[in-house]
Amino acid sequence: MQRRSHAAARESFDAYRLAASRGELTGELDPAALPRLADRVTGEGGQVRWSIRGDADAEGRPAIVVAIEGAVPLTCQRCLGVVVEPVAQSTLLLLARDEAELVRLDEASEHEVVPAGAPLDPVALVEDELLLTLPFAPRHEGECAPVAGASA
Ligand SMILES: [Zn+2]
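Residues numbered from 1 in each chain as written. Predicted model: local features only at pLDDT ≥ 70, side-chain atom pairs only at ≥ 80, totals over all residues. Heavy atoms only, no water.

> Which residues make up the pattern of salt bridges, and what are the values?
Applying the stated criterion across every chain, the model contains six salt bridges. R36 is the salt-bridge partner of E127, the closest N and O atoms lying 3.1 Å from each other. Of the two residues, E127 is situated in helix α3 (residues 122-133) and R36 in the loop between β1 (24-29) and β2 (47-56); the sequence distance between them amounts to 91 residues. Classification of R36 as partly exposed rests on a relative accessible area of 40%. Across the pair D128 and R36 runs a salt bridge, and its minimum N-O distance is 2.8 Å. Of the two residues, D128 sits in helix α3 while R36 sits in the loop between β1 and β2, which places them 92 residues apart along the sequence. When salt bridges that share partners are traced, they join R36, E127 and D128 into one network. (Salt bridge = Lys/Arg side-chain N within 4 Å of Asp/Glu carboxyl O. Helix = DSSP H or I, 4+ residues; strand = E, 2+ residues; numbered from the N terminus. Buried < 20%, exposed > 50% of the residue type's maximum accessible area, 1.4 Å probe, protein only.)

> Can you tell me about unusual backbone geometry, naming the residues and giving the values?
For R22, which is not a glycine, the phi torsion comes out positive at approximately 50°. Along the chain, R22 turns up in the loop between α1 (15-21) and β1. Although it is not a glycine, L80 adopts a positive phi angle of roughly 65°. In this fold, L80 is placed in the loop between β3 (62-75) and β4 (82-96).

> Which residues make up the side chain of S51, and what values do they have?
Its location among the elements puts S51 in strand β2. Overall, the relative accessible area of 14% leaves S51 in the buried class. Every residue in contact with S51, bar those within four places of it in the chain, is listed here: E24, L25, T26, V65, V66 and A67. (Contact = heavy atoms within 4.5 Å.)

Okay, here's the thing in C-alpha cells:
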C-alpha cells in the first residue's frame, strides 16, 4: 500500500480542547487519496481546503465547525466524462464524550453530533463531510460535452 507524503501530516486532536480555546486547524488534501472516496474520485487534480474550528452552539455546548472548500473530479453518470464538482460546506458538530451523551444530544439538538471522547482524526472528519456533500449521481449541468481525447 502506497502512502502519500501528506498523509504523515494528519495528527489527531482533542476536540474539547479545540472548542474551549476556539482554536483552528487547517489543511489541504487530494480527495483521491481518501480511502472511502477513492472509487468515486476520477484520478488526480482535485483539491480540498479544510478547516476545523473550535466553537459552541447557541446553548454554549462545545462544538467544532468543519468547513471544506474546493473541487472534486467525479464521473458524470450520463456521459462518463469528468465532471468537477465544487464543494463549499460548513457544518457545526456538537461533541459527545460517550454513547449516552451522543444519544441525548442527538435528541436534544438539530445539530449533528460527533463522538469526541477520544482524539479525532481531522482527515476522517473532512472525509465524512465530503461523503455527505458529494452527489451520488454527478452529472454535467445542461448538455454533456463530447468526451475530449476519446480516440476511435
Ligand atoms: Zn456528462
